[in-house]
Amino acid sequence: MSESSGVAVYGEIADGKLLPIALEGLGIGRKLADSLGQEVAAVLAGSDVAGLAAGAFAGGADRVYVVDDPLLKDYQPDAYVSVMEKVIGQVKPRVLIMGQTDVGRDLAPRLAFRLGVPVTMDCVELAIDPASGRLLQTKPVYGGNAQAVFTSDADPQMVTIRTKAMTPLQPDNSRKGEVVKIAAGLDASTIRTKLVDRVIEDVAGIRIEDADVVVAGGRGIGGAEGFAQLEELARLLRGAVGASRPPCDNGWVPDTVQIGLTGKIIAPELYIAVAISGSSQHLSGCSGAKTIVAINKDPEANIFRQARFGVVGDWKKVLPAFTARVKELMAG
Amino acid sequence: MNIIVCVKQVIDPEAPPRSFKIDAGGTRAEMQGAPPVIDPYGEFAVEAALKVKEAAGNGKITALSLGTGLLREVVKKPLAMGADALILLEDAAFAGGDGWSTASALAAAIRKTGEYDLILCGREASDTNAGQTGPGIAAILGLPCVTLVRRIDVAGDTAKVERVTSAGYEVVEVPLPAVMTVSNEIGEPRYPTIKGIMAAKKIEPVVWKPADIGIEPSQVGASGRRLKMNRLFQPVHEGKCELASGETPEEVAANLAARLREAKIF
């Protein structure tokens, strides 16, 4: 354990680009490494990815490990677990940070069990305990009703981080470092699951994870027709429409706009929650919003505990008047 | 077709957040006034198992639960939904585990059952929100694994599976036996029928202790943990909500819009 050193960040890549979560990982990784007085390493695995090292340096890495192999073109768990096991065996980091993404959710637990260490998923806060030098890993539990702080005695101390929970550094393109190539050494016959197809279900307009304004509806909207009214307000504010879980489960809106623990985690400037009671699992997905505005007929609704502004009332009466007034104010 | 579904008893995650309390020791949580339930995420796994069995036209579904103080009326819900057998890993030694000790015990129990083609778990548990048990079982048993599954089509000894992604889904082929974690997109879990409830009453669960699954008590529950929980707490929301007022809903709405404009929110 004593030979472990530094913070490694898994640099997740999609469509030939380093994802924002990779830069968020590097941002917190840099902080942790500085308080340990150690280095930050980025791990880039994929096909034709060596060119992304510069971005990782700019984001805070001191050293970049590159595993470039055509077999790594698409994420495939068996291949990626095997590669990451090899890389971690060579790099021996004290801390390993991955993202709580489609890939991280799948890869991190498998890698942890392969390495024989625990992993804390979906961390929202990471810090080095000054007394022990160990990583304090804070994550929401009980659907966001509580948070727990975990530590592990084994290295690497593995975590995944929630999207948008950590701040990336201001990119510094003058930062340079060493690029170390590692051979994937993959045996294609050990790859058991086969990716047959990847289907992108397009949503019209702005994606909720990119939108500055999100207008979201809950069970109380009652049907697909109600969401058309939310759409109108969203369009006016150049935002996107989202939903809590019940409208998705009922097929009123596509699953891809679900906000919450089992859907998207978003952090817009403005979040307008319409007829959403505010279950913990939903709040886990939107509590990063800068301002939450709630419209709900139940004054006791949990959403009002998180909201900055609100209206107690029936959305069917409130929303049209609100939208009309917003329109006037924006025109005026 | 032998299907094993891992489901757990949890405090009711759908109970109002204000009934959520953490005990004085700061380690255990409860929903005051709400009885425990079968984990809703696990119910999606049960639903997936029933769909696969129906499509195959035959098979056996075994529900597997680990814990202490398991209420029979709670852990029998998968039986009432249509599962055929129930195994409980119930012993004081199983209490207070983490992903490692839980997956180790479940994997040992699954190995003991002998024949299995498909092992299903929820995408995560509603209490720990970790999503590690399924991949952990797969790693321990050396099986392939697909997470966040929304559709399973079995053909012979291969399954074609749809995996939910943030942008849509992936279609994946995986040889059986395999482990899968099931996402809520699989479809609403069915309600137990009266017939199902009656059938469940007659099925006696098999109860196994650590010795029954060939595992040392020191490897399970709290003593098998590799992750230490230092603190469990409820975050405080200091923010106050400013409620708009007015005589009519329309007036309140207009006042809210004006206030947001004034605060430069839009």
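Residues numbered from 1 in each chain as written. Chains lettered and ligands numbered in written order. Predicted model: local features only at pLDDT ≥ 70, side-chain atom pairs only at ≥ 80, totals over all residues. Heavy atoms only, no water.

J.: Describe helix α3 (residues 77–91) of chain A, with residues and values.
T.: An ideal rise of 1.5 Å per residue puts 21 Å on 15 residues; α3(A) measures up with 20 Å between its terminal C-alpha atoms. Burial in α3(A) covers these residues: A:P77, A:D78, A:A79, A:Y80, A:V81, A:V83, A:M84, A:V87, A:I88 and A:V91. For α3(A), the elements touching its buried residues are β1 (7–10), β4 (40–46), β5 (63–68), β6 (95–99) and α4 (102–115) of chain A together with β9 (145–155) of chain B. At the N-terminal end of α3(A), a side-chain oxygen is found 2.8 Å from the backbone nitrogen of A:D78, two or three residues along, and the residue is A:Q76. (Helix = DSSP H or I, 4+ residues; strand = E, 2+ residues; numbered from the N terminus. Expected span 1.5 Å × (residues − 1). Buried < 20%, exposed > 50% of the residue type's maximum accessible area, 1.4 Å probe, protein only. Contact = heavy atoms within 4.5 Å. Polar contact = N/O pair within 3.5 Å; in protein donor to acceptor, adjacent residues only side chain to side chain.)

J.: Can you break down the interface of chain B and chain A residue by residue, with the values?
T.: Contact with chain B, which involves 80 residues of that partner, is made by 76 residues of chain A. In this assembly, chain B packs against chain A so that about 6800 Å² is buried in total across both faces, 59% of it on carbon and sulfur atoms. Here chain B is connected to chain A by seven salt bridges. A salt bridge links A:R245 to B:E14; the nearest nitrogen and oxygen atoms lie 3.8 Å apart. Linking chain B with chain A are 32 residue pairs in polar contact (both at pLDDT 80 or more), by the criterion used here. Here the side of chain B that touches chain A gets eleven residues from one element, more than from any other, and that element is helix α7 (residues 249–262) of chain B. Taken together, the residues of the side of chain B that touches chain A break down into 43 nonpolar, 17 polar and 20 charged. Here strand β13 (residues 194–200) of chain A runs beside strand β11 (residues 168–175) of chain B; their pairing, made up of six bridges, is antiparallel. (Buried area = accessible area lost by both parts, 1.4 Å probe. Salt bridge = Lys/Arg side-chain N within 4 Å of Asp/Glu carboxyl O. Nonpolar A, V, L, I, M, F, W, Y, C, P; charged D, E, K, R; others polar. Pairing = 2+ DSSP bridges.)

J.: Residue-level account of the side chain of A:D102, with values.
T.: Structurally, A:D102 can be placed in helix α4. As a buried residue without a salt bridge, A:D102 has its nearest oppositely charged side chain in A:R105, at a separation of 4.9 Å. Within the structure, A:D102 has its side chain in polar contact with the backbone nitrogen of B:S166 (distance 2.9 Å). Apart from residues lying up to four places away in sequence, A:D102 is in contact with B:R163, B:T165 and B:S166. (Lys, Arg positive; Asp, Glu negative; His and termini not counted.)

J.: Quick rundown of the packing of helix α8 (residues 315–331) of chain A against α7(B)? Include the residues and the values.
T.: Here α8(A) crosses α7(B) at 40°, and the two axes come no closer than 8 Å. By the criterion of interaxial angle, the relationship of α8(A) to α7(B) is oblique. For the pair α8(A) and α7(B), the sense of crossing is right-handed. Between α8(A) and α7(B), the contacting residues are A:K317, A:V318, A:A321, A:F322, A:R325, A:V326, A:L329 and A:M330 on the first element and B:P249, B:E250, B:A253, B:A254, B:L256, B:A257, B:A258, B:L260 and B:R261 on the second. Residues belonging to the contact of α8(A) with α7(B) are distributed by class as follows: 13 nonpolar, no polar and four charged. (Axes fitted to C-alpha atoms, helices over the stretch in contact; angles between N-to-C directions. Parallel < 35°, antiparallel > 145°, perpendicular 65-115°, else oblique. Left-handed = near helix turned anticlockwise from the far one by under 90°.)

J.: Tell me about the nonpolar core, and please be specific about residues and values.
T.: Membership of the largest hydrophobic core comes to 53 residues, with the highest contact counts inside it found for A:Y271, A:I272, A:V274, A:I303 and A:F322. Ranked by the residues each element gives to this core, the list is headed by α8(A), at seven residues. Residues contacting A:F322, with those up to four places away along its chain left out, are A:L233, A:I272, B:A253, B:L256, B:A257 and B:L260. Ranked by size, the runner-up nonpolar core spans 37 residues in total, among them B:V5, B:F44, B:L70 and B:A159. (Core = buried A, V, L, I, M, F, W, Y, C linked by side-chain atoms within 4.5 Å.)

Taken by themselves, the reported measurements are silent on function.
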